[in-house]
Amino acid sequence: MAASPRQKLSEITHHIQKLNSGVQVPCNDTRVAQVTFMDQKLSEQERLCQAATALLRVTRCRKDYEPLITNLQSLHGHTSCSLSNDSEIYLRHFLPELGNFTQGMYRHLGHPAGH
C-alpha cells in the first residue's frame, strides 16, 4: 500500500529532525538554492519540487538526503519547476525551513477545508 501524502510529510519532518539532532547536519555547510517556502504565488507542489531540486544538487551526503528527495518527488508528482541559483542558503538553514513547510502542510491536511 502506498503511503498517504500525510504520512510522507510526516516522514520528511521526522527525517529532518533526525538530521538536525546530530552534532551537525550532514554536509551542513553545503550551499543550496534558496526556496521561498512562504511564497503563496507558487503552489505547494511547485515549492515541494523546488525543495527536491535544491536537495538533488547536494552530491556529497546523497545517501543522507535520498529519503527526503524521494518523498518530496512523490508528493509533487510530475510538477515541473524552475529554481534559480541567485540566492543560496546553507543546508543547515535550509532544512529547518523545509521542515516548517512540511509540518505546516501536514497540519493543513489534517483539517478538512473550511475549518
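See the structure above.
Described below are features of the structure shown in this document. Small disclaimer: the values here were computed from a predicted structure and weren't measured.

Describing the overall build of the protein chain
Tallying secondary structure elements over the protein chain gives four helices and two strands in all. When its helices and strands are written in sequence order, the protein chain yields α-β-α-α-β-α. For a compact globule of 115 residues, the expected C-alpha radius of gyration is about 13 Å, and the protein chain comes in at 14 Å, within 12% of that figure. Principal-axis analysis of the C-alpha atoms places the extent of the protein chain at approximately 40 × 30 × 25 Å. Each of the 115 residues in the protein chain was classed as buried or not, and the buried ones make up 38%. A total of about 6,800 Å² of accessible surface is found on the protein chain, and carbon and sulfur atoms cover 52% of it.

Describing the side chain of H15
Relative to the elements of secondary structure, H15 occurs in helix α1 (residues 5-21). Owing to a relative accessible area of 15%, H15 belongs among the buried residues under this scheme.

What about the packing of aromatic side chains?
The final tally for this structure, using the stated rule, is two aromatic pairs. Taken together, a centroid distance of 5.8 Å and an interplanar angle of 55 degrees make the contact between F37 and F94 tilted. Here the residue F37 occupies a position in the loop between β1 (31-33) and α2 (44-56), and F94 occupies one in helix α4 (residues 91-110), the gap between them amounting to 57 residues. Neither F37 nor F94 differs from the other in exposure class; each is buried. An aromatic cluster is built from F37, F94 and F101, whose rings are joined through pairwise contacts. When the ring centre of Y90 is taken as origin, the NZ or CZ atom of R92, which lies over that ring, is 4.5 Å away.

A short note on the environment of E88
Within the fold, E88 resides in strand β2 (residues 88-90). Here the alpha-carbon distance between E88 and R6, two residues 82 residues apart in the chain, equals 29 Å. Aside from chain neighbours lying at most four places away, what touches E88 is R31, V32, A33 and Q34. One polar contact links E88 to R31, side chain to side chain, over a distance of 3.5 Å.

A word on the nonpolar core
Counting 29 residues, the largest nonpolar core has L55, Y65 and F94 as the members making the most contacts within it. Elements represented by at least two residues in this core include exactly α1, β1, α2, α3 (62-76) and α4. Each residue touching F94, except ones within four places of it in the same chain, is listed here: V32, A33, V35, F37, A51, A54, L55 and I89.

A look at α3
In this model α3 runs 20 Å from its N-terminal to its C-terminal C-alpha over 15 residues, within 8% of the 21 Å that 1.5 Å per residue would give. Approximately 25 degrees is the largest bend angle found in α3, and it occurs at L68. Buried positions along α3 lie against α1, α2 and α4. Residue G77 follows α3 closely and has a positive phi angle near 65 degrees.

Scoring rules and cut-offs
Residues numbered from 1 in each chain as written. Predicted model: local features only at pLDDT ≥ 70, side-chain atom pairs only at ≥ 80, totals over all residues. Heavy atoms only, no water. Helix = DSSP H or I, 4+ residues; strand = E, 2+ residues; numbered from the N terminus. Rg over C-alpha atoms; globule rule 2.2 N^0.38 Å. Buried < 20%, exposed > 50% of the residue type's maximum accessible area, 1.4 Å probe, protein only. Areas by Shrake-Rupley, 256 points an atom, 1.4 Å probe, with all protein chains shown as cover. Phe/Tyr/Trp six-rings, centres within 6.5 Å; stacked < 30°, edge-to-face > 60°. Lys NZ or Arg CZ within 6 Å of the ring centre and 35° of its normal. Contact = heavy atoms within 4.5 Å. Polar contact = N/O pair within 3.5 Å; in protein donor to acceptor, adjacent residues only side chain to side chain. Core = buried A, V, L, I, M, F, W, Y, C linked by side-chain atoms within 4.5 Å. Expected span 1.5 Å × (residues − 1). Bend = angle between axes of the 7 residues up to and from the residue.

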